[in-house]
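In case you want the letters, here they are:
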Amino acid sequence: MDSADDTGQMVELMDIVAICRPKYKDRPQIAKIVQKTRSGYSIHWMTGSYSGPWTVAKKRDGRKKVPWVDSIKESDIIYKKISLTSGQKLTNKVAQTLRALYAAKDGSKS
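Being a predicted model, the structure only gives us computed values, none of them experimental.

Colleague: How should I be thinking about the overall build of the chain in this particular structure?
Modeller: Looking only at helices and strands, the chain has one helix and eight strands in total. Beginning at the N terminus, the succession of helices and strands in the chain can be written as β-β-β-β-β-β-β-β-α. Taken over 110 residues, the chain has a buried fraction of 35%. Residue pairs in contact within the chain that sit at least 24 positions apart in sequence constitute 52% of those at least 6 positions apart. Taken as a whole, the chain presents about 7200 Å² of accessible surface, with 51% of it coming from carbon and sulfur.

Structure representation (structure tokens):
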């Protein structure tokens, strides 16, 4: 339990988490955990917005589109266990929490 915002929850496969990527601070960086690795997790990036629906981000692999896979460290995760509504949207509470978390991260870096 090294970070204050972690309520002791373990990240599990298929969990949706928010990740801190300072370069993209205009929208939440959300991903689905697909595999635990030695150095952290393998994720599928998701695309969406605070008010819109979320889907797995795709990138081109030749002719087909495949999920955008990336690797992250546990320390990149700023919010765990995000649950989307039935319309694949963030709940108001989660959206507000994420805005506050990103604002706090942004403030501490400048």
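Colleague: Would you mind going over the packing of aromatic side chains with me for this structure?
Modeller: Two measures describe an aromatic ring pair: the distance that separates the ring centres and the angle between the ring planes. Counted according to the given criterion, the structure contains zero aromatic pairs. Here Lys59 stacks its cationic end above the ring of Trp68, 5.0 Å away from the centre of that ring. Here the guanidinium or amino end of Arg99 rests over the ring plane of Tyr50, the centre of that ring lying 3.9 Å away.

Colleague: Just to check I follow, could you spell out the pairing of strand β5 (residues 58-61) for this structure?
Modeller: A regular strand places its side chains so that they alternate between the two faces of the sheet. The pairing of β5 with strand β6 (residues 64-67) spans four bridges and is classified as antiparallel. For Arg60, the partnering residue across the bridge sits in β6 and is Lys65. What sits between the antiparallel neighbours β5 and β6 is a turn of two residues, in which Gly62 has the positive phi angle 70 degrees.

Colleague: Explain the side chain of Asp15 to me, please; I cannot follow it from the model alone.
Modeller: With respect to the helices and strands, the residue Asp15 is situated in the segment before β1 (16-19). One polar contact links Asp15 to Lys81, side chain to side chain, over a distance of 2.9 Å. Beyond its immediate sequence surroundings of up to four residues, Asp15 is in contact with Met10, Ala31, Lys32, Ile33 and Lys81.

Colleague: Would you explain the side chain of Ser42 in this entry?
Modeller: Here Ser42 shows up in strand β3 (residues 41-47). If we ignore the near neighbours within four places in the chain, the residues touching Ser42 are Lys32, Ile33, Val34, Gln35, Thr37, Val69 and Asp70.

Colleague: Help me out: how do you make sense of the pattern of salt bridges in this one?
Modeller: Pairing is possible between side chains of opposite charge, provided their charged atoms come close. In total, this model carries seven salt bridges according to the counting rule given. The residue Arg21 makes a salt bridge to Asp76 at a minimum N-O spacing of 3.7 Å. Separated by 55 residues along the polypeptide, Arg21 in the loop between β1 and β2 (30-36) and Asp76 in the loop between β7 (69-72) and β8 (77-79) bring together distant segments of the chain. Among the residues examined, Arg21 registers a relative accessible area of 23% and is labelled partly exposed.

Colleague: I keep staring at the environment of Pro28 and nothing clicks. Help me out?
Modeller: Structurally, Pro28 is set in the loop between β1 and β2. Sequence separation of Pro28 and Tyr102 is 74 residues, and the distance between their C-alpha atoms is 8.0 Å. With residues near it in sequence (within four places) discarded, Pro28 still touches Tyr50, Trp54, Leu90, Leu98 and Tyr102.

Colleague: What should I look at first to understand the nonpolar core in this one?
Modeller: A general trend in soluble globular proteins is that nonpolar side chains are found buried together. Ile30, Ile82, Leu84, Leu90 and Leu98 are the most contacted members of the largest nonpolar core, which totals 16 residues. The element that contributes the greatest number of residues to this core is helix α1 (residues 92-109), accounting for five residues. Sequence-distant contacts of Leu84, defined by excluding residues within four places in its chain, comprise Ile16, Met46, Trp54, Lys89 and Leu90. Counting 11 residues, the second largest nonpolar core, distinct from the first, contains Val11, Val17, Ile19 and Ala31.

Cut-offs applied
- Residues numbered from 1 in each chain as written.
- Predicted model: local features only at pLDDT ≥ 70, side-chain atom pairs only at ≥ 80, totals over all residues.
- Heavy atoms only, no water.
- Helix = DSSP H or I, 4+ residues; strand = E, 2+ residues; numbered from the N terminus.
- Buried < 20%, exposed > 50% of the residue type's maximum accessible area, 1.4 Å probe, protein only.
- Contact = heavy atoms within 4.5 Å.
- Areas by Shrake-Rupley, 256 points an atom, 1.4 Å probe, with all protein chains shown as cover.
- Phe/Tyr/Trp six-rings, centres within 6.5 Å; stacked < 30°, edge-to-face > 60°.
- Lys NZ or Arg CZ within 6 Å of the ring centre and 35° of its normal.
- Pairing = 2+ DSSP bridges.
- Polar contact = N/O pair within 3.5 Å; in protein donor to acceptor, adjacent residues only side chain to side chain.
- Salt bridge = Lys/Arg side-chain N within 4 Å of Asp/Glu carboxyl O.
- Core = buried A, V, L, I, M, F, W, Y, C linked by side-chain atoms within 4.5 Å.

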